[in-house]
Amino acid sequence: MEQALIEIRQKFDSNSKEVLLPFHLPIEIPNVKLIVPKVGDKKRIVELSEKNAKEYRLEKLKQVQIIDPERHTNRIMAEMQKLLRMPVEPRHIEGFDNSNIQGTNPVSACVVFKDGKPSKADYRIFHPKTVEGANDFATMEEVIYRRYKRLLDEGENLPQLILIDGGKGQLSSAVKSLRLLGLYGKITIVGIAKRLEEIFFPEDSIPLYLDKKSETLKILQRVRDEAHRFGVKHHRTRRKNSTIKSELEEIPGVGGKTIELLLSKLKSVKRIKESSLETLEEILGKSKAKIVYEFFHTE
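First things first, this report covers the structure right here in the doc. (Residues numbered from 1 in each chain as written. Predicted model: local features only at pLDDT ≥ 70, side-chain atom pairs only at ≥ 80, totals over all residues. Heavy atoms only, no water.)

**Some remarks on the overall build of the chain**
Moving on, step 1. Looking only at helices and strands, the chain has 10 helices and 10 strands in total.
Moving on, step 2. Rg of the C-alpha trace for the chain: 30 Å, well past the compact-globule value of 19 Å for 299 residues, more than 25% over.
Moving on, step 3. For the chain, the C-alpha atoms occupy an extent of roughly 105 × 45 × 35 Å along the three principal directions.
Moving on, step 4. The burial tally for the chain puts 39% of its 299 residues in the buried class.
Moving on, step 5. The contacts of the chain with a sequence gap of at least 6 include a subset with a gap of at least 24, amounting to 52%.
Moving on, step 6. A total of about 18,700 Å² of accessible surface is found on the chain, and carbon and sulfur atoms cover 51% of it. (Helix = DSSP H or I, 4+ residues; strand = E, 2+ residues; numbered from the N terminus. Rg over C-alpha atoms; globule rule 2.2 N^0.38 Å. Buried < 20%, exposed > 50% of the residue type's maximum accessible area, 1.4 Å probe, protein only. Contact = heavy atoms within 4.5 Å. Areas by Shrake-Rupley, 256 points an atom, 1.4 Å probe, with all protein chains shown as cover.)

**Considerations on the environment of Tyr293**
Moving on, step 1. Structurally, the position occupied by Tyr293 is in helix H10 (residues 286-297).
Moving on, step 2. By relative accessible area, which is 27% here, Tyr293 ends up partly exposed.
Moving on, step 3. Distance from Tyr293 to Thr279, taken between C-alpha atoms, is 10.0 Å for residues 14 residues apart in sequence.
Moving on, step 4. Aside from chain neighbours lying at most four places away, what touches Tyr293 is Ser275, Ser276, Leu277 and Leu280.

**Re the packing of aromatic side chains**
Moving on, step 1. What the rule picks out here adds up to three aromatic pairs.
Moving on, step 2. With a centroid separation of 5.1 Å and 85° between ring planes, the pair formed by Phe295 and Phe296 is classed as edge-to-face.
Moving on, step 3. Residue class for Phe295 comes out partly exposed when judged on its relative accessible area of 32%.
Moving on, step 4. The ring of Phe201 has Arg85 lying over it, and the distance from NZ or CZ to the ring centre is 4.0 Å. (Phe/Tyr/Trp six-rings, centres within 6.5 Å; stacked < 30°, edge-to-face > 60°. Lys NZ or Arg CZ within 6 Å of the ring centre and 35° of its normal.)

**Digging into helix H3 (residues 69-83)**
Moving on, step 1. Between its first and last C-alpha atoms H3 spans 21 Å; for 15 residues at 1.5 Å apiece the expected length is 21 Å, and the two agree.
Moving on, step 2. Taken together, the buried positions of H3 are occupied by His72, Thr73, Ile76, Met77 and Met80. All buried residues of H3 lie within an arc of 130° about the axis, which places them on one face of the element. For H3, the exposed residues lying more than 90 degrees away from the buried face are Glu70, Arg71 and Lys82.
Moving on, step 3. Trailing H3 by a residue or two, Arg85 shows a phi angle of about 55°, which is positive. (Expected span 1.5 Å × (residues − 1). Arc of directions from axis to C-beta.)

**A few points about a positive patch on the surface**
Moving on, step 1. Together, Lys54, Lys62, Lys213 and Lys218 make up a positively charged patch on the protein surface.
Moving on, step 2. On the secondary structure map, Lys213 appears in the loop between strand E10 (204-208) and helix H6 (215-248). (Patch = residues over 30% accessible without salt bridge, like charges linked within 9 Å, V, L, I, M, F, W, Y side chains within 5 Å. Salt bridge = Lys/Arg side-chain N within 4 Å of Asp/Glu carboxyl O. Lys, Arg positive; Asp, Glu negative; His and termini not counted. Charge placed at Lys NZ, Arg CZ, Asp CG, Glu CD.)

**Observations concerning the pairing of E10**
Moving on, step 1. Two strands pair when backbone bridges link them, and strand E9 (residues 198-201) and E10 are joined in this way by two bridges, in the antiparallel orientation. Counted as the bridge partner of Phe201 is Asp204 from E10.
Moving on, step 2. Taking the residues that link successive antiparallel strands as the turn, the E9-E10 hairpin has two residues, and the phi of Glu203 there is positive, at about 60°. (Pairing = 2+ DSSP bridges.)

**Focus: the nonpolar core**
Moving on, step 1. Among the nonpolar cores identified, the biggest contains 24 residues, and Met80, Leu84, Leu161, Ile199 and Leu220 are the most heavily contacted of them.
Moving on, step 2. Mapped onto this core, the elements with two or more residues apiece are H3, strand E4 (104-114), strand E7 (161-165), strand E8 (188-193), E9 and H6.
Moving on, step 3. The element contributing the most residues to this core is H6, with six residues.
Moving on, step 4. Among the nonpolar cores identified, the runner-up in size contains 20 residues, and Phe126, Met140, Tyr148 and Leu178 belong to it. (Core = buried A, V, L, I, M, F, W, Y, C linked by side-chain atoms within 4.5 Å.)

**Some words on the environment of Ser276**
Moving on, step 1. Note that Ser276 resides in the loop between helix H8 (269-274) and helix H9 (277-284).
Moving on, step 2. Given a relative accessible area of 31%, Ser276 falls into the partly exposed group.
Moving on, step 3. Taking the C-alpha atoms as reference points, Ser276 and Ala289, 13 residues apart in sequence, are found 9.5 Å from one another.

**A short note on the environment of Thr188**
Moving on, step 1. Within the secondary structure layout, Thr188 lies in strand E8.
Moving on, step 2. On the accessibility criterion, Thr188 (15% relative accessible area) is buried.
Moving on, step 3. The residues touching Thr188, leaving out its near neighbours within four places in the chain, are Leu84, Met86, Pro87, Gln160, Leu161 and Ile162.

In structure tokens, the structure reads:
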């Protein structure tokens, strides 16, 4: 502020006898009164100046984002490294979220962000194999182990940052798997809790609260929300397919392969019900087609 004050007065050849400031400065300017107003119009002028300065800065940052997106990305990566106490910039981030309703058709989503942007070709869905029912902690432990065991076995690049959707419990479960794989301490891992957007670190009971406007929080929220969206989408698909199959499984004499064939050709139970006998015969042959047709058309 001291430097800016002197430079601005010189640049604009200012002869003002008063200068309004947001805080005291330990300097003296000959024949100039430095004032830190507490109330009134002068206080409002200082507030307006601060508002203008912030808006000008945001506008400049937006211009950089448009004109020089690489510089914008580099700035955000450097900010994330500093705020999340990372040894390196998080150029490769992976986010995890579990999705289930009362323990049915559970899925876990893994989304990948590179340089702060989604890399959708690298997204993965996991169906828990060792967990029964709705056990969020055990599911997270299994999925983290499977994901990074495979990346290690295949010699693939590991992320610099893992983001877990959840608080201390889910984070601790994920850390267990990283320890088993010898990756704990080599990859930064944090959890984000929805209610207050708290950032949790392993072995630290006090969460980090980031400025709501910070680019770091926005990136973390976007990774978390994308993992949730991707997981819910696949959970709904799986649940829908499960409902469809269970209805078709009620048909006597019709097995899994026949159901798969019907759904691959006709796409829905509604279209199967509405199909003519001739259409079903083209797909299944006469005997199977008759069974399916009569099941839906016999009162």
